[in-house]
Amino acid sequence: MQSEIIFSVVIPVYNEEENIAELYRRLAAVMEKLGSYEIIFVDDGSKDRSWELIKEFHKKDPRIRGISFSRNFGHHIAITAGLDHAKGEAVILMDGDLQDPPEEIPRLYEKFTEGYDIVYGIRKERKDKITKKITSFIFWYILRRFSGVDMPRSQTMLRILSRRMVNVLKDMREYARFIHGMMAWAGFDVASVEVEHSQRLKGKSKYNIPRMFKLAFHGVTSFSTVPLKLAIYIGLISSFISLIVGLYFIYRKLFYNIPVLGYASIIVSLFFIGGIQLLMLGIFGEYLGRTYQEVQRRPLYILKEYIF
Ligand code: UDP
Ligand code: MG
């Protein structure tokens with residue numbers, strides 16, 4: 001019945017029962033005009049009625065497809081599952097909370113037809129709560145500073161990927177996933193288009209501060225080993241400083257007979273060095289843990305149900 005699928009739209013969903021009906025309605029209206037399409041909702045272990053709704057959409061329109069996970073595996077893994085199952089020649093990614101307006105897709109697609117492998121949206125103005133803005137700023141600062149991969153800050157998840165790009169992503173099976181970085185790492189031609197950004201239609205952001213930090217850490221550690229080398233630099237610098245300070249005290253003692261005072265200075269430097277050592281050990285541990293996780297080679301996600 002279905003001709004060749006040109007577009008796949010992949011939408012990760014985690015407790016978005018209040019948003020996906022509206023999203024589906026607006027998205028379908030846009031996609032109808034673009035060409036043949038499928039919409040893949042990936043239910044990331046929602047505890048609300050999201051999955052029931054997705055099944056209802058599918059009954060009415062077989063172009064709506066769904067994958068549901070056995071539990072919550074995380075946003076970027078949900079996107080990965082969608083990419084694994086997408087059949088389209090071009091794959092559109094967007095969030096399930098209507099922060100990315102579906103009406104912007106035709107403009108992204110217009111740019112895409114110029115021959116890019118990724119066209120992503122850049123927010124003109126970010127419509128988020130102030131706390132989200134601040135944490136997001138810190139998140140992107142850490143990433144851009146330490147990951148060594150060039151990623152613009154205000155990019156949205158709303159984007160179009162070529163089949164070529166999707167195939168590259170499908171080959172990257174690392175457990176710690178940071179999709180923006182993985183796409184940038186591939187090195188294909190990238191373009192961006194300014195898009196509107198809206199507030200979340202309903203509900204709260206699923207990213208709390210610990211989750212953002214975890215993602216930032218994944219982002220940094222999967223693309224760079226700079227934090228590991230920090231130990232070398234800090235070690236070199238502190239040895240050098242202590243050498244100078246030591247020589248200075250010896251000089252004062254020999255030439256002016258000033259005794260070295262200082263219980264306080266000993267305690268402070270002891271704690272300082274101890275702190276740095278523990279920090280470095282922590283960073284080493286983080287990389288070791290990451291390596292361990294990757295070596296286990298577990299599947300990235302477990303499917304519970306599948307409607308195609
Ligand atoms: N999401 C997901 N799994 C998670 C967290 C989020 O699939 O563990 C989905 C969520 O339903 C939404 C998208 O990822 O469609 C972006 O999440 P959210 O809007 O909470 O993030 P924010 O926009 O605040 O960065
Ligand atoms: Mg959101």
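Residues numbered from 1 in each chain as written. Chains lettered and ligands numbered in written order. Predicted model: local features only at pLDDT ≥ 70, side-chain atom pairs only at ≥ 80, totals over all residues. Heavy atoms only, no water.

Let us now look at the overall build of the protein. In terms of regular secondary structure, the protein is built from ten helices and eight strands. Against the 2.2 N^0.38 benchmark of 19 Å for 308 residues, the protein shows a C-alpha radius of gyration of 25 Å, more extended than a compact globule. By principal-axis analysis of the C-alpha atoms, the protein measures approximately 95 × 40 × 35 Å. Counting all 308 residues of the protein, 44% fall into the buried class. Accessible area of the protein: about 16,900 Å², with a carbon and sulfur share of 61%. Separation of charge centres in the protein, based on 43 positive and 34 negative side chains, amounts to 7 Å. (Helix = DSSP H or I, 4+ residues; strand = E, 2+ residues; numbered from the N terminus. Rg over C-alpha atoms; globule rule 2.2 N^0.38 Å. Buried < 20%, exposed > 50% of the residue type's maximum accessible area, 1.4 Å probe, protein only. Areas by Shrake-Rupley, 256 points an atom, 1.4 Å probe, with all protein chains shown as cover. Lys, Arg positive; Asp, Glu negative; His and termini not counted. Charge placed at Lys NZ, Arg CZ, Asp CG, Glu CD.)

Glancing now at the coordination of the magnesium ion (ligand 2). Coordination sphere of the magnesium ion (ligand 2), protein contribution only: D97 (OD) and Q99 (OE1), at 1.9 Å. Classification of D97 by relative accessible area gives buried; the value is 4%. Note on Q99: relative accessible area 11%, which makes it buried. (Donors = N, O, S within 2.8 Å, 3.2 Å for Na, K, Ca; no water.)

Turning our eyes to something else, we now look at the nonpolar core. Within the largest apolar cluster, 39 residues are counted, with the highest numbers of intra-cluster contacts made by F69, L93 and L161. Residue contacts for F69: discarding those within four places in its chain leaves V42, D43, D44, G45, I77, A78, A81, Y301, I302, L303 and K304. Counting residues in hydrophobic clusters, the runner-up holds 33 residues, among them I20, Y37, L53 and F57. (Core = buried A, V, L, I, M, F, W, Y, C linked by side-chain atoms within 4.5 Å. Contact = heavy atoms within 4.5 Å.)

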